[in-house]
Amino acid sequence: MQLIRDWLSRQLGNPQIVSLLLLLLAFWLTLTFLSPVFQPVFAALVIAYLLEGPVAVLERRRLRRGAASVLVWLLFYAGVIVVLIMLLPQLVRQVTQIVQEIPRITAELQAWLLSLPQRYPAMFSETQMHGLAGELNINLAALRSEVLSRTHLLGVGVTYIVVYLILVPLMVFFMLKDRRQLAGFGRRFLPQDISLIRRVWADVDRQLANYVRGKALEIVIVWAVTWLVFELLGLRYAMLLGAVTGISVLAPWVGATVVTLPVAAVAYTQFGLGSEFAYVLIAYAVIQALDGNVLVPVIFSEANNLHPIAIIVAVLLFGSLYGFWGVFFAIPLATVVAAVVRAWPGAAEVSAGTQGDG
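Read on for an overview of the structure. Keep in mind that this is a model prediction, so the values were computed, not measured. (Residues numbered from 1 in each chain as written. Predicted model: local features only at pLDDT ≥ 70, side-chain atom pairs only at ≥ 80, totals over all residues. Heavy atoms only, no water.)

1. Regarding a nonpolar patch on the surface
So, point 1. Judged by side-chain polarity, Leu-233, Tyr-279, Ile-282, Val-286, Leu-290, Val-294 and Val-298 come together as a nonpolar surface patch covering roughly 660 Å² of accessible area.
So, point 2. Counting through the fold element by element, Leu-290 comes out in helix α11 (residues 275-299).
So, point 3. Among the residues examined, Leu-290 registers a relative accessible area of 48% and is labelled partly exposed. (Patch = residues over 30% accessible without salt bridge, like charges linked within 9 Å, V, L, I, M, F, W, Y side chains within 5 Å. Areas by Shrake-Rupley, 256 points an atom, 1.4 Å probe, with all protein chains shown as cover. Salt bridge = Lys/Arg side-chain N within 4 Å of Asp/Glu carboxyl O. Helix = DSSP H or I, 4+ residues; strand = E, 2+ residues; numbered from the N terminus. Buried < 20%, exposed > 50% of the residue type's maximum accessible area, 1.4 Å probe, protein only.)

Right, here's the structure in full:
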């Protein structure tokens, strides 16, 4: 116990460590307890962070920050509006269709499961397949109910969506235009010496910028390529399955495995166990292989230096805590933890900091 007390005394005697811990605590409390209130702010921060790169490029080309912010902001939201007008109606239509088709898909999958004991009696028993078929029915029925309830909530929450559509773009604009003033305002609440915080942030910012912007680009590319390939193969719900495949890259390995199930289910109910079914699965496997082995190395110029187990644990942990945004930022949050560990002062630095205060 004395060893632990001595270690805590040394660490907490360094004001830089205390400042970093208080900053991380404030960040965690905001995420945990004020997340619903600040969700529009978080969404605006993400978008502003994505757009900071183009604004910085225009600034380096001698364009004033205000003009660069206006130009990038207008181009981004004009592109978003065009994409929504072109793609959203088709996406909503396919979601509605697949929800209505869930009973038929369920029945066909159950029939296939129940036929396995007759085809392969040595491998599958009727009791096992009946139990699995019943479980599948329960799960898909619950899924259908959940989707329908959320669709209803979406209709009820039109005002909330409109608020998002107005507030988030405004916040993004001012975050871009007044970035230096906002940073200066936040600096007033930090201690004089923030070299440790600067070290952590430099490490996090380098990898976070690479990850967030790269991941957004990866989602768009995978979505578009999957949509096009599935359309060429004649697969139904190509737009929806492409969107799900694109979003699945947020959770490496886990997302690709999970999305295989709906892709295979739709292909089986449409084509059966024929050559078209095989073509769909092969095409999906090729897309995943190209994403992991070609696209990711090209887009992500810097590795996050995280072990695959650490990434999976981060996705599961932060996803369970913060939902979609937790999954999206699982790797960046894990990167923050890793950056803090790397920048944490050693025993000599802590002693020097404590003596310097004295």
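From this point on, the discussion continues.
2. Topic: helix α9 (residues 238-248)
So, point 1. The buried fraction of α9 amounts to 9 of the 11 residues, a majority that puts the element mostly inside the structure.
So, point 2. Regarding α9, the residues found buried are Ala-238, Met-239, Leu-240, Leu-241, Gly-242, Ala-243, Thr-245, Gly-246 and Ser-248.
So, point 3. Among the structural elements, α4 (65-119), α8 (195-232), α10 (254-271) and α11 are those in contact with the buried residues of α9. (Contact = heavy atoms within 4.5 Å.)

3. Brief notes about the nonpolar core
So, point 1. Membership of the largest hydrophobic core comes to 27 residues, with the highest contact counts inside it found for Leu-20, Val-200, Val-212 and Phe-318.
So, point 2. Those elements giving two or more residues to this core turn out to be α2 (15-33), α3 (35-60), α8, α12 (308-328) and α13 (330-343).
So, point 3. A per-element tally of this core places α8 first, with 8 residues.
So, point 4. In this structure, Met-239, Ala-264, Tyr-268 and Phe-277 belong to the second largest nonpolar core, which totals 25 residues. (Core = buried A, V, L, I, M, F, W, Y, C linked by side-chain atoms within 4.5 Å.)

4. Some remarks on the pattern of salt bridges
So, point 1. This structure, assessed with the given rule, holds 6 salt bridges.
So, point 2. Between Glu-52 and Arg-179 there is a salt bridge, and its shortest N-O distance comes to 3.8 Å. Here the residue Glu-52 occupies a position in helix α3, and Arg-179 occupies one in helix α7 (residues 179-187), the gap between them amounting to 127 residues.
So, point 3. The closest approach of N and O atoms between Lys-215 and Glu-218, which form a salt bridge, is 2.9 Å. With Lys-215 and Glu-218 both in helix α8 and 3 residues apart, this pair spans about one turn of that helix. As far as burial versus exposure is concerned, Lys-215 and Glu-218 are alike and both buried.
So, point 4. What emerges from the salt-bridge pattern is a single network uniting Glu-52, Glu-59, Arg-65, Arg-179 and Arg-180.

5. Focus on unusual backbone geometry
So, point 1. Phi angles above zero are rare outside glycine, and Arg-62 is one such case at about 75 degrees.
So, point 2. Here Arg-62 is to be found in the loop between α3 and α4.
So, point 3. Here Tyr-237, not a glycine, exhibits a phi torsion of approximately 60 degrees, which is positive.
So, point 4. With respect to the element layout, Tyr-237 can be found in the loop between α8 and α9.
So, point 5. Here Tyr-237 falls in the buried class, since its relative accessible area comes to 6%.

6. Quick look at the packing of α8 against α13
The geometry of a pair of packed helices is captured by two quantities: the angle between their axes and the separation between those axes.
So, point 1. In the contact formed by α8 and α13, the axes pass within 9 Å of each other and the chain directions differ by 150 degrees. Regarding the angle of α8 to α13, the classification is roughly antiparallel. Classified by chirality, the crossing of α13 by α8 is right-handed. Contact with α8, carried on its side by Leu-196, Arg-199, Val-200, Asp-203, Val-204, Gln-207, Leu-208 and Tyr-211, involves Ile-331, Pro-332, Thr-335, Val-336, Ala-339, Val-340, Arg-342 and Ala-343 of α13 and no other residues of that element.
So, point 2. A breakdown of the residues in the contact of α8 with α13 according to their chemical character gives 11 nonpolar, 2 polar and 3 charged. (Axes fitted to C-alpha atoms, helices over the stretch in contact; angles between N-to-C directions. Parallel < 35°, antiparallel > 145°, perpendicular 65-115°, else oblique. Left-handed = near helix turned anticlockwise from the far one by under 90°. Nonpolar A, V, L, I, M, F, W, Y, C, P; charged D, E, K, R; others polar.)

7. A closer look at the packing of aromatic side chains
Two aromatic rings are characterised by how far apart their centres lie and by the angle between their planes.
So, point 1. Under the defined criterion, the tally for this structure stands at 5 aromatic pairs.
So, point 2. Residues Trp-73 and Phe-173 carry aromatic rings whose centres are separated by 5.6 Å and whose planes lie at 65 degrees to one another, so their mutual orientation is edge-to-face. Within this pair, whereas Trp-73 is found in helix α4, its partner Phe-173 is found in helix α6 (residues 158-177), the two being separated by 100 residues in sequence.
So, point 3. Given a relative accessible area of 17%, Phe-173 falls into the buried group.
So, point 4. A network of ring pairs unites the aromatic residues Trp-73, Phe-76, Tyr-77, Phe-173 and Phe-174 as a single cluster. (Phe/Tyr/Trp six-rings, centres within 6.5 Å; stacked < 30°, edge-to-face > 60°.)

8. Brief notes about α11
So, point 1. Taking 1.5 Å of rise per residue, the 25 residues of α11 would be expected to cover 36 Å, and the 34 Å separating its terminal C-alpha atoms lies within 8% of that figure.
So, point 2. Considering bend angle alone, the principal kink of α11 is centred on Asp-291 and spans about 40 degrees.
So, point 3. Listing the buried residues of α11 in full gives Phe-277, Val-280, Ala-283, Tyr-284, Ile-287, Gln-288, Asp-291, Leu-295 and Ile-299.
So, point 4. The elements touched by buried residues of α11 are α8, α9 and α10. (Expected span 1.5 Å × (residues − 1). Bend = angle between axes of the 7 residues up to and from the residue.)

9. A few points about the packing of α9 against α10
So, point 1. Packing of α9 against α10 leaves a shortest axis separation of 9 Å and a crossing angle of 170 degrees. The pairing of α9 with α10 is recorded here as roughly antiparallel in orientation. Every pair of crossing elements has a handedness; the one defined by α9 and α10 is left-handed. Residues Leu-241, Val-244, Thr-245 and Ser-248 of α9 form the contact with α10, whose participating residues are Gly-255, Ala-256, Val-259, Pro-262, Val-263 and Val-266.
So, point 2. Looking at the contact of α9 with α10 residue by residue, the class counts come to 7 nonpolar, 3 polar and no charged.

Keep in mind these values describe shape, not function.
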